[in-house]
Amino acid sequence: ADCRYTCHQECRSLIQLDCRQPGQCQSHLSPESTLLPPCSQNVTQTVEEEKPEPPTIQEIKQKIEKYNAKVTNCLLMKLNDDGTYTGFIKVHLKLRRPVTVPAGIRPQSIYDALKEVNLADMTDKRTSFYLPLDAIKQLHISSTTTVSEVIQGLLKKFMVVDNPQKFALFKEMRKDGQVLFQKLPLTEYPLYLRLLAGPDTDVLSFVLKENETGEVEWDAFSIPELQNFLMILDKEEKDKIQQVQRKYEKFKQRLQQTLKEARGKPG
């Protein structure tokens, strides 16, 4: 009644007013009269939501059985005696920047993989190249495998020696004809998200992209990487200059042709 305060219905329980005259608002206006209709836009919640209780082993077993019933290939999930489970996820690689790999290193053999030989440690020489856009890598992981471990595992498989902090794992969802991306926290468990969503990758898929923090952390890059970025920027600048020059050269030719034709006409 004194300050004429209004709020959304969703915000009512969060409002704490320091009224000049306690009780005045309640005596003159009912709480419902100060409410606005529910807002149609998404509102960022300022209070922490209570985390749901972790599922029991029986609930996990039921979810896995339901998941495996929908699987059309042999990529099933398997429940262990301790309540953990294993399964497969596919990760799309959508990296638009070059990655750094050891120079002159042979592909990893089965022997190297079994012995966990890190070929990247066998040379100090580095080179940069672009990974194929939209390449897909399949990983066999556990329910305890975090997003951070998935990123490190992908980099190891492709022998990428870049700092893992340069990359982020996103979940891709399709809703109402739109493609939505959400960055996953490093402590999230991708296999649990896969279990909840089901095996259909049209419902949920995982994407490895550059970690866009809004500000480039140049300290995380090595000198060869920075030099490579300068070369790429220099090439892009030259290509852009040539595009602009060709554009105005064509415009100049058309203008000259129009003036030439106009001179031959009376008046």
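Please read all numbers here as calculations on a predicted model, not as lab measurements.

### Topic: unusual backbone geometry
Next up, step 1: Although it is not a glycine, Met159 adopts a positive phi angle of roughly 55°.
Next up, step 2: With respect to the helices, strands and loops of the structure, Met159 is situated in the loop between α4 (147–157) and β8 (167–175).

### Description of the packing of aromatic side chains
Next up, step 1: For the structure on display, the rule yields zero aromatic pairs.
Next up, step 2: We note Lys209 situated over the ring of Phe170; from NZ or CZ to the ring centre the distance is 5.2 Å.
Next up, step 3: Over the ring of Phe181 we find Lys209; its NZ or CZ atom is 4.4 Å from the centre of that ring.

### Here's the deal with the nonpolar core
Next up, step 1: Ile89, Val91, Phe167, Leu169, Phe206 and Leu208 are the most contacted members of the largest nonpolar core, which totals 30 residues.
Next up, step 2: For this core, the secondary structure elements donating two or more residues are α2 (57–70), β4 (85–93), β5 (99–102), β7 (135–142), α4, β8, α5 (190–197) and β10 (204–210).
Next up, step 3: For this core, the element with the most residues is α4, which contributes five residues.

### Here's the deal with α5
Next up, step 1: The set of residues buried in α5 consists of Pro190, Leu191, Leu193, Arg194 and Leu195.
Next up, step 2: Buried positions along α5 lie against α2, β4, β7, α4, β8 and β10.

### Quick look at the pairing of β4
Looking down a regular strand, the side chains alternate between one sheet face and the other.
Next up, step 1: Pairing between strand β3 (residues 78–79) and β4: two bridges, direction antiparallel. Note on β4: the bridge partner recorded for Lys78 is Thr86.
Next up, step 2: Turn length for the β3-β4 hairpin, with the two strands adjacent in sequence and antiparallel, is five residues, and the turn residue Gly83 shows positive phi of about 95°.
Next up, step 3: The pairing of β4 with β7 spans eight bridges and is antiparallel. When the sheet's bridge partners are listed, Phe88 is paired in β7 with His140.

### Remarks on the UniProt feature "coiled-coil region" (unreviewed entry) in the protein chain
Next up, step 1: The UniProt entry lists residues 234–261 under the feature "coiled-coil region" (unreviewed entry), expressed in the numbering used here.
Next up, step 2: Spanning residues 234–261, this segment combines 100% helix with 0% strand, and its end C-alpha atoms are found 41 Å apart.

### Side note on helix α6 (residues 223–263)
Next up, step 1: Relative to the 60 Å expected for 41 residues at 1.5 Å per residue, α6 spans 60 Å between its end C-alpha atoms, a close match to the ideal helical length.
Next up, step 2: Among the residues making up α6, those that are buried are Glu225, Asn228, Phe229 and Ile232.
Next up, step 3: Where α6 is buried, its residues touch β5 and β6 (126–129).

### Side note on the confidence of the model for the protein chain
Next up, step 1: On average, the protein chain scores 77 in pLDDT, and the residues at 70 or more come to 69%.
Next up, step 2: Under a pLDDT of 50 for its full length, residues 109–114 has, in the predicted model, four contacts with residues more than four places off or in other chains.

### A closer look at the environment of Pro190
Next up, step 1: Mapping Pro190 onto the fold places it in helix α5.
Next up, step 2: The class of Pro190 is buried, set by a relative accessible area of 0%.
Next up, step 3: Distance in space between the C-alpha atoms of Pro190 and Val150 is 8.4 Å, their sequence separation being 40 residues.
Next up, step 4: In contact with Pro190, not counting residues within four places along its chain, are Ile89, Ile141, Thr145, Thr146, Val147, Val150, Leu169 and Phe206.

### Notes on the pattern of salt bridges
Next up, step 1: Enumeration according to the criterion identifies five salt bridges in this entry.
Next up, step 2: Of the charged contacts, one joins Lys94 and Glu172 as a salt bridge, the two residues approaching to 3.6 Å between their closest N and O atoms. Placement of the pair is Lys94 in the loop between β4 and β5 and Glu172 in strand β8, with a sequence separation of 78 residues.
Next up, step 3: With a shortest N-O distance of 3.4 Å, Asp234 and Lys238 are connected by a salt bridge.

### Things to note about a nonpolar patch on the surface
Next up, step 1: The grouping of Val244, Tyr248, Phe251, Leu255 and Leu259 at the surface amounts to a nonpolar patch, some 490 Å² of accessible area in total.
Next up, step 2: Examined against the element boundaries, Leu255 turns out to sit in helix α6.
Next up, step 3: In this structure Leu255 comes out as partly exposed when scored by relative accessible area, which is 45%.

Reading the values: rules and limits
Residues numbered from 1 in each chain as written. Predicted model: local features only at pLDDT ≥ 70, side-chain atom pairs only at ≥ 80, totals over all residues. Heavy atoms only, no water. Helix = DSSP H or I, 4+ residues; strand = E, 2+ residues; numbered from the N terminus. Phe/Tyr/Trp six-rings, centres within 6.5 Å; stacked < 30°, edge-to-face > 60°. Lys NZ or Arg CZ within 6 Å of the ring centre and 35° of its normal. Core = buried A, V, L, I, M, F, W, Y, C linked by side-chain atoms within 4.5 Å. Buried < 20%, exposed > 50% of the residue type's maximum accessible area, 1.4 Å probe, protein only. Contact = heavy atoms within 4.5 Å. Pairing = 2+ DSSP bridges. UniProt positions renumbered as here; feature names shortened; annotations may be inferred. Expected span 1.5 Å × (residues − 1). pLDDT = per-residue confidence, 0-100. Salt bridge = Lys/Arg side-chain N within 4 Å of Asp/Glu carboxyl O. Patch = residues over 30% accessible without salt bridge, like charges linked within 9 Å, V, L, I, M, F, W, Y side chains within 5 Å. Areas by Shrake-Rupley, 256 points an atom, 1.4 Å probe, with all protein chains shown as cover.

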